[in-house]
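Results of the structural survey
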Amino acid sequence: RSSADGKKPGLPVPVFGGIHGDLPLVATAGAVMAELIVEHGISCVLDVSDFPSKADQVRFLTDFGTALFQASRRAPAPLHLFLEEADEFLPQQVTGDMAKCVGTWTRIVKLGRSFGLGATLITQRSASVNKGALTQVDTLIAMRTSAPTDRKVVADWVQGQAEGAALVAGLPELVAGEALVWSPYYLRFQGRVQFDRPKTFDSGATPVAGQARPVPVLADIDLGAIAAAVASFTEEQRANDPKVPKAR
């Protein structure tokens, strides 16, 4: 929402939920948010980190993923998902209620492209991401990685490529912002890349002792219209829910 130095507006992207949220997000709103995003083509951030429990996170992500997949099947259109901390809802070890969540998101990664759904899985622990989803990835961007188990996952991904093995060996030596990019199909490129600094405000940067964080100037967003759209979808969902009249 703000420029890198916080002095100018950034991108008009609303944030739902979390400590930086423009609008609240509740665990029962997964399907509503999916319909809203597809219907109105909204680019947004959905932050589930502030939910009271892991069960609430899993409920939201499962409902959201299921509704998003169905809505995209009805009206295919380009939509890209960035799944931060992907190992949280696509874990390698699947137990209990996580099975449905993992199944939902694995299906999106495997089949979503047929309906315009693309996905980028972002994680600090490659070894912890479910291999059923990871094997469907076509492009790898690996930044500095020290843990042997995580380096092994990257090595397995580029298995059989001599130049890939040499690049993986250098993962612990990468500097900040540098990455190994391995994309033989889409980009037809394998090698090291130094990425530019972000052009928007880094609200997740590590605080520095004695240094105050600036209050950023935010891009204008018509939050009233978005809130009204959320309320409209919520009311419509309640009206179509057979449990409501039954309960009444």
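The preceding data block contains the structure.
Attention in this report is confined to the structure presented alongside it. Note on numbering: residues in each chain are counted from 1, in written sequence order. Under the rules for a predicted model, residues below a pLDDT of 70 receive no local features and side-chain atom pairs below 80 are neither given nor counted, while totals for whole chains, interfaces and linings still include all residues. Note that water and hydrogens are dropped before the side-chain values are worked out from all heavy atoms of the structure.

**Remarks on the pattern of salt bridges**
Using the following cut-off: When a carboxyl oxygen of Asp or Glu is within 4 Å of a side-chain nitrogen of Lys or Arg, the pair counts as a salt bridge. The way it works is that DSSP assigns letters per residue, a run of H or I at least four long becomes a helix, a run of E at least two long becomes a strand, and they are numbered from the N terminus. Summary of the burial criterion: residues with accessible area below 20% of their type's maximum are buried, those above 50% are exposed, and those between are partly exposed, where the area comes from a 1.4 Å probe applied to protein chains only.
Counted according to the given criterion, the structure contains eight salt bridges. With a closest N to O distance of 3.5 Å, Arg113 and Asp138 form a salt bridge. Taken together, the residues Arg113 in the loop between helix H3 (98-111) and strand E4 (117-121) and Asp138 in the loop between helix H4 (131-134) and strand E5 (140-142) connect sequence positions 25 residues apart. Overall, the relative accessible area of 45% leaves Arg113 in the partly exposed class. By relative accessible area, Asp138 is classed as partly exposed at 29%. Connected through shared salt-bridge partners, Glu173, Glu178 and Arg192 make up one network.

**Points about the side chain of Ser72**
Under the convention used in this document: Should any heavy atoms of two residues lie within 4.5 Å, those residues are counted as being in contact.
By the element assignment, Ser72 lies in helix H2 (residues 54-74). You can call Ser72 buried: its relative accessible area is 3%. Every residue in contact with Ser72, bar those within four places of it in the chain, is listed here: Val38, Phe115 and Leu117.

**As for the state of the cysteines**
Rules: Our working definition of a disulfide is a cysteine sulfur pair at a distance within 2.5 Å.
Here the structure, examined in full by the defined rule, presents zero disulfides. The structure places no disulfide on Cys44, whose sulfur is separated from the nearest cysteine sulfur, that of Cys101, by 17 Å. For Cys44, a relative accessible area of 23% gives the class partly exposed.

**Concerning the pairing of strand E3 (residues 79-83)**
Heads up, the condition is: For two strands to be treated as a pair, DSSP must find at least two bridges joining them. Here is how to tell: hold the view so the strands point away, follow the path from the first strand over the helix to the second, and if it runs clockwise the crossover is right-handed.
Sheet topology note: the E3/E4 ladder contains five bridges and is parallel. Following the sheet pairing, Leu81 is matched in E4 by Ala119. As for the winding sense of the linkage, the β-α-β connection from E3 through H3 to E4 is right-handed.

**Quick word on the packing of H2 against H3**
The axes of two packed helices give the description: the angle between them and the distance between them. Keep this limit in mind: Axis definition: a line fit to C-alpha positions, over the contact stretch in the case of helices; interaxial angles, taken between N-to-C directions, run 0 to 180 degrees. For a crossing to be left-handed, the near helix must be turned anticlockwise from the far one by less than a right angle; the clockwise case is right-handed. The classification used treats Ala, Val, Leu, Ile, Met, Phe, Trp, Tyr, Cys and Pro as nonpolar, Asp, Glu, Lys and Arg as charged, and all other residues, Gly among them, as polar.
The interhelical angle for the contact between H2 and H3, taken along N-to-C directions, is 35°, at an axis separation of 9 Å. Between H2 and H3 the crossing geometry is left-handed. Residue-level contacts link Lys54, Val58, Leu61, Thr62, Phe64, Gly65, Thr66, Phe69 and Gln70 of H2 to Met98, Lys100, Cys101, Thr104, Trp105, Arg107, Ile108 and Leu111 of H3. Residue composition of the contact of H2 with H3, grouped by class: nine nonpolar, five polar and three charged.

**What to know about the packing of aromatic side chains**
For clarity, the cut-off: Two rings from Phe, Tyr or Trp (for Trp, the six-membered ring) form a pair when their centres sit within 6.5 Å of each other. Planes less than 30 degrees apart are called stacked, planes more than 60 degrees apart edge-to-face, and all others tilted.
By the definition in use, this model includes six aromatic pairs. Centroid distance Phe60 to Phe64: 5.9 Å. Interplanar angle 5°. Geometry classified as stacked. One end of the pair, Phe60, and the other, Phe64, are both in helix H2, four residues apart, so they sit about a helical turn from each other. Looking at Phe60, the relative accessible area reads 1%, which means it is buried. We classify Phe64 as buried; its relative accessible area is 6%. Ring geometry for Phe69 and Phe115: centres 5.5 Å apart, planes at 90°, overall edge-to-face. Taken together, the residues span a long stretch of sequence, with Phe69 in helix H2 and Phe115 in the loop between H3 and E4 at a distance of 46 residues. By the burial criterion, Phe69 is buried, and Phe115 matches it. Each member of the aromatic cluster is reached from another via a ring pair, and the members are Phe51, Phe60, Phe64, Phe89 and Trp105.

**Overview of the environment of His80**
To keep it simple, the criterion reads: Pairs of N or O atoms are called polar contacts if they sit within 3.5 Å, as long as, within protein, a hydrogen donor faces a hydrogen acceptor (for residues adjacent in sequence, only side-chain-to-side-chain pairs).
Structurally, the position occupied by His80 is in strand E3. When its relative accessible area of 42% is taken as the criterion, His80 is described as partly exposed. In this structure the C-alpha to C-alpha distance between His80 and Ala229, which are 149 residues apart in sequence, comes to 21 Å. If we skip the residues at most four places from it in the chain, His80 touches Gly118, Ala119 and Thr120. A distance of 2.7 Å separates polar atoms of two side chains, one belonging to His80 and the other to Thr120.

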